[in-house]
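Each chain, written out:
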Amino acid sequence: MCCGGLLISARGLSWFLVTLIACMTLLAAIVQPKWLIGPEQIQIENVEGNFTMYRQPSVGIYNRCKRMGRNEYNCGNFDLYGLWTDSIIFPVPWKFTMTLMCGGTMLHALTLICILPTCLRMRTICKWSLYKLLGILQGTAGLLVLCGFLAYPLGWSEQRVKTLCGLDAEAYAPADCSLGMALYLGAFGVLLTFASAVLSAKAEDAHYSGKAQQRIEEGEVLVCVP
C-alpha cells in the first residue's frame, strides 16, 4: 500500500547504501582475475627501457593473467564457451561459483531497485511486508553468493591451479600461491549482503516508528526520521 509523499529514514538510507556497496563489491570481485596470485614474478620493460614493471600471474573465477612470450603479460578470459567450456579449461567448481555468485548478485541488485518504493511510503505488496520480503530475498542472495564463494577453492586441485601454484595444490590448499585482493573483496561482499538483510528489519522499525506515523497522519509530504 502506498500512501503518497516521501518517507526517508537514516536506517532506510543505510540499508540502501549497504545494499548498493554490496552489489558493487560482489561485481568487482567476480570480474577481477586476482583471486589466486602465483609465486612467479614477471619483469616487463617499457619500450624505451627506462623502467621495469613487475607483475605476477594470477587466476580468477573465469579469467587469468599470465606470461605471454618472453616479457609480455596478458589478462583474458578462459571461459570461451561460457558454462559449456571444457572442464579441463574451466573447472566445474568454478562454473558453480560463477553461476551462484552471478545469480546472487543479480538478485541482490533487484532488491536494490525495490528498496526505492519504500521511500514512497509503500509498506506492503500482495499483503506481504515489503521490508520483510526484501530482507528474505537479500538473505537468499547472500546464501547463493556464499555457496558460490565456498565452491571456488574446490577447484584448486585442478591442473590449471597446479600449473600456477605448484603440484601440491589441492582443495582449500593453494600451495605456493597467495590469496589475492579479489578473494577478500568477495568475502567482504558476502558479509555486506547479509548485513543488508539485517538492516531491512531496522528500516522497517523506522518506517513504523511512532514519530514517523504521527507526522504522516498530520499530512506532511516529506517525512525525515532517524
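Refer to the preceding data block for the structure.
Numbering of residues starts from 1 in each chain and follows the order in which that chain's sequence is written. pLDDT decides what is reported in this predicted model: residues at 70 or higher carry local features, side-chain atom pairs at 80 or more are listed and counted, and totals for whole chains, interfaces and linings draw on all residues regardless. Excluding hydrogens and water, the side-chain values take into account all heavy atoms of the structure.

Visitor: I tried to follow the overall build of the protein on my own but got confused; where do I start?
Guide: Runs of H or I in DSSP of at least four residues are treated as helices and runs of E of at least two as strands, each being numbered from the N terminus. Check the secondary structure of the protein and you find six helices and eleven strands. The proportion of buried residues among the 226 residues of the protein is 42%. Within the protein, contacts between residues at least 6 apart in sequence are counted, and of these 66% link residues at least 24 apart. Here the Shrake-Rupley method, with its probe set to 1.4 Å, supplies the accessible areas, and only the displayed protein chains count as covering residues. With an accessible surface of roughly 12,100 Å², the protein has 66% of that area assigned to carbon and sulfur atoms. Burial classes follow relative accessibility: with a 1.4 Å probe on protein chains only, a residue under 20% of its type's maximum area counts as buried, one over 50% as exposed, and anything between as partly exposed. Two residues qualify as a contact provided that any one of their heavy atoms is within 4.5 Å of a heavy atom in the partner residue.

Visitor: Looking at this structure, how should I read the state of the cysteines?
Guide: Cysteine sulfur atoms are paired as a disulfide whenever they come within 2.5 Å of each other. What the rule picks out here adds up to two disulfides. Here C65 engages in a disulfide with C75; their sulfurs sit 1.9 Å apart. Residues C65 and C75 are joined through a disulfide that is right-handed, its torsion about the S-S bond being 110°. Of the two residues, C65 sits in strand β6 (residues 63-68) while C75 sits in strand β7 (residues 72-77), which places them ten residues apart along the sequence. Looking at C75, the relative accessible area reads 45%, which means it is partly exposed.

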